[in-house]
Amino acid sequence: MRVCLLTDKPDHPLFAAAASALIEAEHRVTFLNPDTGTGTGTGTPSELVTPDDLADVYLLKAHTPRALVLARFLEAHGARVVNSAAATELCQDRSRTAAVAEGAGLPMPRTRTLDALPEALHGAERPESGYPLMVKSRHSRRADLVARVDGPAELRDLAATWPDEPVVLQEFVANSGWDHKLWVIAGEVFAGVRPAPVGAPPDGARSTPLVRDLPQSWTRLALHTGEVFGLDVYGVDVLDREGAPVAVDINAFPGIRGPKGAPAALAALALRRSRPGPPAYEA
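Here is what the cut-offs are and how they apply
- All residue numbers here refer to positions counted from 1 along the written sequence of the relevant chain.
- Whole-chain, interface and lining totals are the exception, using all residues; otherwise, since this is a predicted model, local features are given only for residues with pLDDT of at least 70 and side-chain atom pairs are given and counted only at 80 or more.
- Hydrogens and water are ignored here; the side-chain numbers use all heavy atoms of the structure.
- Buried residues are those whose accessible area, probed at 1.4 Å on protein chains only, stays under 20% of the maximum for their type, while exposed residues exceed 50% and partly exposed ones sit between those limits.
- Helix and strand labels come from DSSP, where a helix needs a run of H or I of at least four residues and a strand needs a run of E of at least two; each type is numbered from the N terminus.
- Pairs of strands are assigned from DSSP output, requiring at least two bridges between the strands.
- The rule is simple: put a 1 Å grid over the protein atoms alone, call a set of points where a 1.4 Å probe fits but cannot get out a cavity, call an open set with protein on both sides within 12 Å along at least five of seven lines a pocket, and count a residue as lining if it has an atom within 4 Å of a point.
- Grid points are joined across faces, edges and corners, and a volume is the space filled by probe spheres set on the points.
- Polarity classes work like this: nonpolar for Ala, Val, Leu, Ile, Met, Phe, Trp, Tyr, Cys and Pro, charged for Asp, Glu, Lys and Arg, and polar for all others, with Gly in that last group.
- Contact between two residues is taken to exist if any of their heavy atoms lie within 4.5 Å; hydrogens are not considered.
- To get an axis, a line is fitted to the C-alpha atoms, and for a helix only the part in contact is used. The angle between two axes follows their N-to-C directions and goes from 0 to 180 degrees.

## Observations regarding the pairing of strand S8 (residues 167-171)
- The buried count for S8 comes to 5 of 5 residues, which makes it a mostly enclosed element.
- In S8, alternate side chains face the same way, and those of Val167, Leu169 and Glu171 on one face and Val168 and Gln170 on the other are all buried.
- As judged from the 4 bridges shared by strand S5 (residues 111-114) and S8, these two strands associate in the antiparallel manner. Residue Leu114 lies in a different strand from S8, and its bridge partner there is Val167.
- The pairing of strand S6 (residues 133-137) with S8 spans 5 bridges and is classified as antiparallel. Looking at the pairing, Leu133 lines up with Glu171 of S8.

## Re the pairing of strand S10 (residues 188-195)
- Alignment of strand S9 (residues 178-185) against S10, held across 8 bridges, turns out to be antiparallel. Residue pairing for S10: Lys181 is matched across the bridge by Gly192.

## Topic: empty space enclosed by the protein
- Per the counting criterion, the structure on display carries 1 cavity of 30 Å³ or more.
- Volume-wise, the largest cavity comes out at about 70 Å³.
- Around the largest cavity, the lining residues are Cys91, Arg94, Thr97, Ala98, Met108, Ser140, Gln170, Val248, Asp249, Ile250 and Asn251.
- Put simply, the parts of the chain that give the lining of the largest cavity at least two residues each are helix H5 (94-104) and strand S12 (244-252).
- Among the elements that take part in the lining of the largest cavity, S12 stands out by supplying 4 residues, more than any other.
- Of the residues contributing to the lining of the largest cavity, the split by class is 5 nonpolar, 4 polar and 2 charged.

## Thoughts on the environment of Gln92
- Along the polypeptide, Gln92 turns up in helix H4 (residues 85-92).
- For Gln92 and Ala252, which are 160 residues apart along the polypeptide, the C-alpha to C-alpha distance reads 8.0 Å.
- In this structure, Gln92 is in contact with His63, Leu68, Arg138, His139 and Ser140, ignoring residues within four places of it in sequence.

## Concerning the environment of Thr50
- By the secondary structure assignment, Thr50 is in the loop between helix H2 (45-48) and strand S3 (57-60).
- Taking relative accessible area as the criterion, Thr50 reaches 44% and is therefore assigned partly exposed.
- Taking the C-alpha atoms as reference, Thr50 lies 9.9 Å from His77; in sequence the two are 27 residues apart.

## Here's the deal with the sheet that holds strand S4 (residues 81-82)
- Strand order in the open sheet formed by 4 strands is S2-S1-S3-S4, with parallel pairing between adjacent strands. Since the sheet does not close on itself, it has two edges, and those belong to strand S2 (28-32) and S4, each with one partner.
- Lying over the sheet, helix H1 (residues 13-24) contacts strand S1 (2-6) and S2, oriented at roughly 150° with respect to S2.

All quantities given are derived from atomic positions and should not be read as evidence of function.
Printed below as a string of structure tokens:
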């Protein structure tokens, strides 16, 4: 069997370990960076892959525009792609993500969408109250905007720095300074704790808290998120709001580091998705 990972980081611990497990089982594993390909040509899909010689399954870690074009090309020629191009693209748009989550009853912060951040300084879009609030780039990508804003002066400074940025404004969810990361691979939930991207861990915290047994409500939220968004490999960033979980971000195929068993789960998913039949995970 042939597995191809679409990524610019083939040395990522998750992929390296999953690839080793597949190779040990005598499967062929290749890596392809959709943005560079082989280093020749313009990098169009037909230059990167041969439609009559496709891999059995492609794992779509790269989320760039070229990666999505390639994924759609592969799907159009009958290839199996995990996650699908449509599901991956949906999760990159925080506005659409919030709308879909709200329609499905998933707990997420209230969200407003602006075509450009300076709109928040004027008229009906100006937040007269409700500080602090979160300001995020509408389109999730590396080095995007994620900031806590505590008042009008901070909002003006941020708008001056990001004058053309489409954004979402979200209510701020008070937290301990730690993000709970729930990673799901084909219905198996893994957990980790990371410093929150906004704010800092409590003073005096010297080490990351241990992840103990997750509340069932958190696990249910993580699994239901995959059902709603059509994802096999994904992450849900969760904060605790008065004892109830709130999903503050949903990511297709995140970089999962740390939890034991994740590489084996990814390798097993690749094998299952390479065969005809239903998806690897069904509710």
